[in-house]
Amino acid sequence: MKIFKNMLRAIQGFLRHLPLGLLSVIWLVPLAWLVMTSFRAENGAYTTYLFPRGWTMANYTRLFTETGLFNYPRWYANTFIVALCSCIISTLFVLMVAYTFSRLRFKSRTPMMNVVLVLGMFPGFMSMIAVYHVLKAIGMEQSLASLVLVYSGGAGMSYYISKGFFDTVPRSMDEAALLDGATRSQVMWKIVLPMSKPTITYTILTSFMAPWVDFIFASVIMKDRYENYTIAVGLYRMLERENIYEFYTRFCAGAVLIAIPITILFIAMQKYYVGGVTGGAVKG
Amino acid sequence: MRSWSKGDIFTKLSLVIFGLGSVVRGQIIKGLAFFAVEALFFYYMLVSGAGYISKLGTLGTKQQGWVFDEAIGINVLQQGENSMLILLFGVLAIFMVVFFIFFAVKSVQASYKAEQLRKEGKKPPSVIDEIKALFDSNLHKSLLILPGLGVFAFTILPLMFMILMAFTNFDQNHQPPGNLFTWVGFENFKNIFWANPVWARTFVNIFIWTIIWAVFATFTNYFLGMLLALYINGKKIRLKKLWRTIFVMTIAVPQFVSLRLMGILLNDEGAVNVLLRTLGIIANNDSVQFLSSGTLARITVILVNVWVGIPYTMLITSGILMNIPADLYESAYIDGANRFQTFRKITLPYMLFVTTPYLITQFIANINNFNVIFLLNQGGPRSLNYYQGGETDLLVTWLYRLTVDFQDYNLASTIGIIIFIICGGLSLIFYNRSKSVREEEVFS
């Protein structure tokens, strides 16, 4: 009887987890497919069979050795440099704006926040063409520096999440410090910022990841300047009609190499991510 | 302006000669800085600004081409004017004028302040004092100046430029430097709403699809993601962390990879069709046109969006779900409620209450959801009934194609303004409603 009961319980447990298992398959199969295809020996995007007929590492090695048409290592380096620079500038901008709107009171504060709110409602890349012409006017078009400016220039507008965090740091601390004769900038750098590591981490990680995953801005800015492409634009070009047969498997290999670090970063920051998105909401 | 009418002669003159009032009252460096701003402005205006402003009305009259030169008696090649540069630098010059006026006001105010202090027998603050203030009472100015400049150069200025473009005829037939374009007033808006049947048809269809898409994409993701989170949160589910990580992995992969991949898998010759053939569900030379037939493609993008979006909702809602007070459920069970009832009466109201702002931003984000539509299928399949559009195109992807592939900047800018009005209007309505809800009752 007892064995029967245990078996019943096991079956129940199995059935309970079955839907999750099936869903996981649906969610993981495309990713597994990506990895599998990156090791496929035959060319071509579309095959009449499901599993590769031959296996190879060549797709990975050729990414780094055959750099004539598509210079993958160069793109990787480009993206890394752009990500690093724009991460530094954006983080500073975001923190400065967020801190100002959260902690300092001045006459134009509310009007400025409203202006940012309104500006944010225009589709982001509507102004891209104009930005391109602005960059061209100052002689910076199609350069990596211009891409850094595009990613970080308007960064100050996305201050909401950090502001939400700063709002939760108790104000009594800075008031005490001010009474003791500290200046407001000392309060910021020595008291509030050291207490705000979660939001700083979040800001750094998101602004570092943006250039790795952005396609639109980079494609508009770089146009046909192959050597200054970022990973996203480059990989996208590999899939254009005239290249897809030759390069599809290499695209998969390149995508795996980029997905791994981004996935690790994302999983590392997911708790900040959740806090960031819902932080304001939970407090009502 | 009160400072100007009340101030003495030096303060009044500060409106014309920037910084004069400050210099007279001993703030020499500050006064000189003001004066330098004025000098720079006039230099800029003389060299380029004024010229561009004067041409703003016509956006240039000299077209590139052969012009008869009477003096020499032959045709000469005339260097054309570039309407686009005129518009761009004209907008910049107008902003410069605004800044100039701002500095004029500041100059008078600074002078008046110093004057008052002198009257009270105090010394106006020295340069060192002012610099110190930038780190203390004026910290907001020093913190905002750089981000502000960035936002100005990369958001405000380009945006103004693009907004103005909606009132010109800057399309593929009027491309500088070869051709001029000029102001056409509300012509583009008229065309897109009724005057140009092809544009109007395309716009109306794409607009309706955009709204349908936004509604489905937002609510399918929201409810299905929440159900998944609830399921994983269930008491008897083991390995919760593992399940969550599995789903999170799909959002960690960059979208241009996962979505392009999905696009290829769902192609007529893609792996999904190969699988269906292998399993014998469809004939060997047959294929399900997931992305190449209009209606099916629309269903497919919504489903793929579910695949992309559910993990996000799951990630965000699982934390909130755990915060729901457990005693609410316990008392409900004691009262004989079943699981569906507790979901409807407790979980859902609580979630809606907490996540309304998230839901609103999601809805707006879906109206502007470039990635899913463009990376999956480039808005395709293309439709011959549309002007440069496809069956799954949203307003934003249409805008992108019009600018990048077809250089119809005027039409694209018009669409941009319409999107802005839609998004702005919607969030205003939602935001006001949810605010009133929030103020009137507290969830209990």
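Since the structure is predicted, the reported quantities are computational estimates derived from the model, not experimental observations.

Chemist: Sorry, what's going on with the overall build of chain A here?
Modeler: In terms of helices and strands, chain A carries 13 helices and zero strands. The helix and strand sequence of chain A, counted from the amino end, reads α-α-α-α-α-α-α-α-α-α-α-α-α. Computed over its C-alpha atoms, the radius of gyration of chain A comes to 25 Å, more than 25% above the 19 Å expected for a compact globule of 284 residues. Along the first, second and third principal axes, the C-alpha set of chain A runs to 75 × 75 × 30 Å. Within the span of chain A, comprising 284 residues, buried residues form 51% of the whole.

Chemist: Help me understand helix 17 (residues 395-404) of chain B in this model?
Modeler: Because an α-helix packs 3.6 residues into every turn, residues spaced three or four apart end up facing the same way. Taking burial as the measure, the 10 residues of helix 17 of chain B include nine buried ones, the bulk of the element. Turning to helix 17 of chain B, its buried residues number three or more, namely Leu395, Val396, Thr397, Trp398, Leu399, Tyr400, Arg401, Leu402 and Thr403 of chain B.

Chemist: Can you help me understand the domain arrangement of chain B in this one?
Modeler: The figure often quoted for interface size is the accessible area lost as the parts come together. All names here are of chain B. Assigned domains within chain B: domain 1 (2-185) and domain 2 (189-440). Once you take the C-alpha centre of each, domain 1 and domain 2 turn out to be 44 Å apart. The interface of domain 1 with domain 2 comprises 11 residues on the first partner and 11 residues on the second. Three residues stand out in domain 1 for area buried against domain 2, namely Ala166, Phe170 and Gln172, and they jointly supply 47% of the buried area on that side. There are zero salt bridges connecting domain 1 and domain 2. At the boundary of domain 1 with domain 2, the tally comes to six residue pairs in polar contact (both at pLDDT 80 or more).

Chemist: Please explain the packing of helix 1 (residues 2-38) of chain A against helix 9 (residues 197-233) of chain B as it appears in this structure.
Modeler: In a pair of packed helices, the angle between the axes and the distance between the axes together describe the arrangement. Relative to each other, helix 1 of chain A and helix 9 of chain B sit at 135°, their axes nearing to 11 Å. Between helix 1 of chain A and helix 9 of chain B, the angle falls in the class oblique. You can see that helix 1 of chain A and helix 9 of chain B cross each other, and the crossing is left-handed. Judged by residue contacts, Arg16, Pro19, Leu20 and Leu23 of chain A of helix 1 of chain A engage Leu228, Tyr231 and Ile232 of chain B from helix 9 of chain B. For the contact of helix 1 of chain A with helix 9 of chain B, the per-class residue count stands at six nonpolar, no polar and one charged.

Chemist: Is there a simple way to think about the nonpolar core in this case?
Modeler: Grouped burial of nonpolar side chains is what soluble globular proteins tend to show. Counting 194 residues, the largest nonpolar core has Tyr99 and Tyr248 of chain A together with Trp213, Trp398 and Ile415 of chain B as its most contacted members. Residue contributions to this core reach at least three from each of two domains, namely domain 1 (2-185) and domain 2 (189-440) of chain B. Not counting residues up to four positions away in its chain, the partners in contact with Tyr99 of chain A are Leu104, Phe166, Arg184, Val187, Met188 and Val192 of chain A together with Leu139 and Leu143 of chain B.

Chemist: Which parts of the structure should I look at to understand unusual backbone geometry?
Modeler: Leaving glycine aside, a negative phi is the common case for residues, and trans is the common case for peptide bonds. Its identity is not glycine, yet Gln378 of chain B carries a phi of approximately 55°, on the positive side. As for its placement among the helices and strands, Gln378 of chain B is situated in the loop between helix 16 (370-377) and helix 17.

Chemist: Would you explain the packing of aromatic side chains in this entry?
Modeler: For any two aromatic rings, the description comes down to two numbers: the centre-to-centre distance and the angle of the planes. All names here are of chain A. Overall, the coordinates contain 42 aromatic pairs over all chains when judged by the stated rule. Ring geometry for Phe70 against Phe247: centres 4.7 Å apart, planes inclined by 90°, an arrangement best described as edge-to-face. Highlighted residues: Phe70 in the loop between helix 2 (58-65) and helix 3 (72-103) and Phe247 in helix 13 (residues 244-283), separated in sequence by 177 residues. As far as burial versus exposure is concerned, Phe70 and Phe247 are alike and both buried.

Chemist: I'm lost on the interface of chain B and chain A in this one. Help?
Modeler: In this complex, chain B contributes 86 residues to the contact, which on the side of chain A involves 82 residues. With both chains or domains summed, chain B and chain A bury close to 7,600 Å², and 82% of this area falls on carbon and sulfur atoms. At the surface where chain B touches chain A, the tally comes to one salt bridge. Between Asp136 of chain B and Arg184 of chain A there is a salt bridge; the shortest N-O distance is 3.3 Å. The tally of links between chain B and chain A comes to 10 residue pairs in polar contact (both at pLDDT 80 or more).

Chemist: Hey, could you run me through the environment of Asn205 of chain B in this one?
Modeler: Relative to the helices and strands, Asn205 of chain B resides in helix 9. When its relative accessible area of 28% is taken as the criterion, Asn205 of chain B is described as partly exposed.

Reading guide: rules and limits
- Residues numbered from 1 in each chain as written.
- Chains lettered and ligands numbered in written order.
- Predicted model: local features only at pLDDT ≥ 70, side-chain atom pairs only at ≥ 80, totals over all residues.
- Heavy atoms only, no water.
- Helix = DSSP H or I, 4+ residues; strand = E, 2+ residues; numbered from the N terminus.
- Rg over C-alpha atoms; globule rule 2.2 N^0.38 Å.
- Buried < 20%, exposed > 50% of the residue type's maximum accessible area, 1.4 Å probe, protein only.
- Domains from an automatic or database assignment.
- Contact = heavy atoms within 4.5 Å.
- Buried area = accessible area lost by both parts, 1.4 Å probe.
- Salt bridge = Lys/Arg side-chain N within 4 Å of Asp/Glu carboxyl O.
- Polar contact = N/O pair within 3.5 Å; in protein donor to acceptor, adjacent residues only side chain to side chain.
- Axes fitted to C-alpha atoms, helices over the stretch in contact; angles between N-to-C directions.
- Parallel < 35°, antiparallel > 145°, perpendicular 65-115°, else oblique.
- Left-handed = near helix turned anticlockwise from the far one by under 90°.
- Nonpolar A, V, L, I, M, F, W, Y, C, P; charged D, E, K, R; others polar.
- Core = buried A, V, L, I, M, F, W, Y, C linked by side-chain atoms within 4.5 Å.
- Phe/Tyr/Trp six-rings, centres within 6.5 Å; stacked < 30°, edge-to-face > 60°.

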